[in-house]
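Structural description and commentary
What follows is the residue order along each chain.
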Amino acid sequence: MIESKTGGNKLTGIILTQDDGLILGPIAKVLGYLMEGIFSLLDLIGIPNVGLSIILFTIVIYLLLMPLTIKQQKFSKLSAKMNPELQAIQAKYKNKKDNDSMMAMNAETQAVYAKYGVSPSGSCIQLLIQMPILFALYRVIQAMPAYVTKIGDTFRVLAEKIISVDNAAFLQSSELSSVVSAVRMYSKNFESNLVNGVIDVLNKVSSSDMSVISNHYDLSQLTYEGQLILSNDTTRGLIDTYNNFLGINIGNSPSYMVSQAWNSPDGIQWLLIIAALIIPVLSATTQWINTKLMPQVDASNGQNDQQNSMAQSMKMMNTMMPLMSAFFCFTLPAGMGLYWISGSVVRSIQQIIINKHIDKIDVDELIKSNEEKRIKKLEKAGIDPRTVNKNATLNTKNVNAYKSSMASKANINAMTQEEKNEAMKNATEYYNKNAKPGSIAAKANMVRQYNEKNNK
């Protein structure tokens, strides 16, 4: 629930348009409280700035995700160390598709993972946990008025004036490029809650289109808490104060800023063009550094075709990601680019620390520690580790005995009747040796000799 103060009157019951997804919705709401706290703290010290809030917000989130990141990167780093062992196992059982070979290969593979203290699915689990958080974080940043009360209330003053004039008809029929795309994006919000729909649209429009809207609805004199909301020739408005970061408006995209600077009535503004291009360039550069710090897989290190293909795909992705990052940061609002840059810088610093930590790990000590953990885990479950090894040996013996028994049966079934009679005669003579046929001594002799023969 968000409360708005407009001209001293408190309005309740208005909920701005937040993400309502089953998974992302609750996560975004929690992250929204964090963003609200950061912005409010900056506002208390006289710096109500969205750009700085995004940077601090990103740093806090990635610090909170640090334990998951360490586990994920530890898995990646140790994978590079244990890959030769896994490749040796795969080579050992190459072209062996029988059930026993597959079970043996799986057991040996699991033993290698246990030795290094990682799980085959460990990396995937960390990603599955992090992905919803990062997607929800993106939702909060792109819809700041829905999660930060003061920003939402500032836009609400404008929205209420627009609705009082023509029920936002001009916005919904406008041909201004940024307005058209924003109205299309939030068309459902117009139907469910017109005030929220207008706020969502105003949060997305460019500076030049906002000026057109301001002139049409006469918004230039509107104030919030005694301060002008929209800028004029002499005073910077609240919205521009929120969005201004190092001289650029992070509500605009770099592509829009370059276009405006190139077509400026006062001539080409090169400084603004350079400032706008710095965002996609920094985004691509920090993304590239981040990929280089990640553990690399050598595609020529004796791997099979599938592993080579995966390594090549990863290499291609690492090349394409910085380029895609630059493109998106050039076309999206600069605030998103700022988030991507902040995230890449934080991840790079984390990766450097993690790499140094993992490089110091004594693999032999790690293996010894993991073996001790395995023994304790078995003992805690009431299982004697020696019994496990003994049972494994017995199971192997049983398998061999079963195979021998099945082979014997197959041989007997393949014999002719004459061969069976001859075998029975030889067996009877063998067991009745040194004893009268049919006597108790002969029977006892049969049992003794049978045991001696099968225990060899």
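Just so you know, the residues in each chain are numbered from 1, in the order the chain's sequence is written. Reporting of local features is limited, given that this is a predicted model, to residues whose pLDDT is at least 70; pairs of side-chain atoms are given and counted only at 80 or more, and all residues count toward the totals for whole chains, interfaces and linings. Only hydrogens and water are set aside; all other atoms, that is, all heavy atoms of the structure, feed into the side-chain values.

**Some details on a negative patch on the surface**
- Patch definition: residues above 30% relative accessible area lacking any salt bridge, with like charges linked at up to 9 Å and the nonpolar side chains Val, Leu, Ile, Met, Phe, Trp and Tyr linked at up to 5 Å. Here, Shrake-Rupley sampling with a 1.4 Å probe gives the accessible areas, and only protein chains in the shown set may cover a residue. Each salt bridge in this description consists of a side-chain nitrogen of Lys or Arg and a carboxyl oxygen of Asp or Glu lying within 4 Å of one another. Positive charges come from Lys and Arg alone, negative charges from Asp and Glu alone, with His and the N- and C-terminal ends not counted. Charge coordinates come from a single atom per side chain, which is NZ of Lys, CZ of Arg, CG of Asp or CD of Glu. A contiguous patch of negative charge, built from Asp362, Asp364, Glu365 and Glu372, is present on the exposed surface.
- Helix numbers and strand numbers start at the N terminus; a helix is a DSSP run of H or I with at least 4 residues, a strand a run of E with at least 2. Inspection of the secondary structure puts glutamate 365 in helix α18 (residues 363–380).
- Here's how the labels work: a residue is buried when its accessible area is under 20% of the maximum for its type, exposed when over 50%, partly exposed in between, all with a 1.4 Å probe on protein chains only. Judged by its relative accessible area of 47%, glutamate 365 is partly exposed.

**Notes on the nonpolar core**
- To qualify as a nonpolar core, a set must consist of buried Ala, Val, Leu, Ile, Met, Phe, Trp, Tyr and Cys residues joined through side-chain atoms within 4.5 Å. Residues Phe57, Ile162, Val198 and Ile213 are the most contacted members of the largest nonpolar core, which totals 71 residues.
- Any two residues whose heavy atoms approach within 4.5 Å at even a single point are treated as in contact. In this view, phenylalanine 57 contacts Leu31, Leu34, Met35, Ile38, Leu137, Val140 and Ile141; residues no more than four positions away in its chain are not counted.
- Counting 10 residues, the second-largest nonpolar core is a separate cluster that includes Leu78, Ile89, Tyr93 and Tyr116.

**Structural notes on the packing of aromatic side chains**
- We call Phe, Tyr and Trp rings a pair once their centres come within 6.5 Å, taking the six-membered ring for Trp, and we label the pair stacked below 30 degrees between planes, edge-to-face above 60, and tilted otherwise. Taken as a whole, this structure holds five aromatic pairs when the rule is applied.
- Measuring from centroid to centroid gives 5.6 Å for phenylalanine 39 and tyrosine 242, while their planes differ by 80°, and the two rings are edge-to-face. With phenylalanine 39 in helix α1 (residues 24–44) and tyrosine 242 in helix α13 (residues 238–243), the pair connects residues that are 203 residues apart, well separated along the chain. We note that phenylalanine 39, like tyrosine 242, is buried.
- For the ring pair phenylalanine 170 and tyrosine 217, a centre distance of 5.9 Å and an interplane angle of 75° mean the geometry is edge-to-face. Here tyrosine 217 lies in helix α12 (residues 207–217) and phenylalanine 170 lies in helix α8 (residues 169–173), a separation of 47 residues in the sequence.
- Judged by relative accessible area, which is 22%, phenylalanine 170 ranks as partly exposed.
- For tyrosine 217, a relative accessible area of 2% gives the class buried.
- Feature note: the residues Phe327, Phe328 and Trp340 constitute an aromatic cluster, connected by ring pairs.

**Some words on the pattern of salt bridges**
- Inspection of the entire model under this criterion finds four salt bridges.
- Salt-bridge contacts for lysine 150 lead to glutamate 225; the nearest nitrogen and oxygen are separated by 3.9 Å. In this pair, lysine 150 is assigned in helix α7 (residues 149–166) and glutamate 225 in the loop between β3 (223–224) and β4 (227–228), connecting sequence segments 75 residues apart.
- Across the salt bridge formed by aspartate 153 and arginine 156, the nearest N and O atoms sit 2.6 Å from each other. Of this pair, aspartate 153 and arginine 156 both sit in helix α7, three residues apart, which is roughly one turn of the helix. Across the pair, arginine 156 and aspartate 153 agree in class, each one buried.
- When salt bridges that share partners are traced, they join Asp43, Lys150 and Glu225 into one network.

**Structural notes on helix α2 (residues 50–64)**
- Helix span is expected to be 1.5 Å times the residue number reduced by one. Here α2 is 15 residues long and its end C-alpha atoms lie 21 Å apart, about the 21 Å a rise of 1.5 Å per residue gives.
- Where α2 is concerned, the buried positions are Val50, Gly51, Ser53, Ile54, Phe57, Thr58, Ile61 and Tyr62. Looking straight down α2, one finds its buried side chains confined to an arc of 155°; they lie on one side.
- N-capping of α2 is provided by asparagine 49, with a side-chain oxygen placed 2.9 Å from the backbone N of glycine 51. Here, the arc refers to the directions that run from the helix axis to the C-beta atoms. Polar contact is defined as a pair of N or O atoms within 3.5 Å, subject to the rule that within protein one atom must be able to donate a hydrogen and the other to accept it, and that residues adjacent in sequence are counted only when both atoms are side-chain atoms.

Everything listed here is a matter of coordinates, which is why it stays silent on function.
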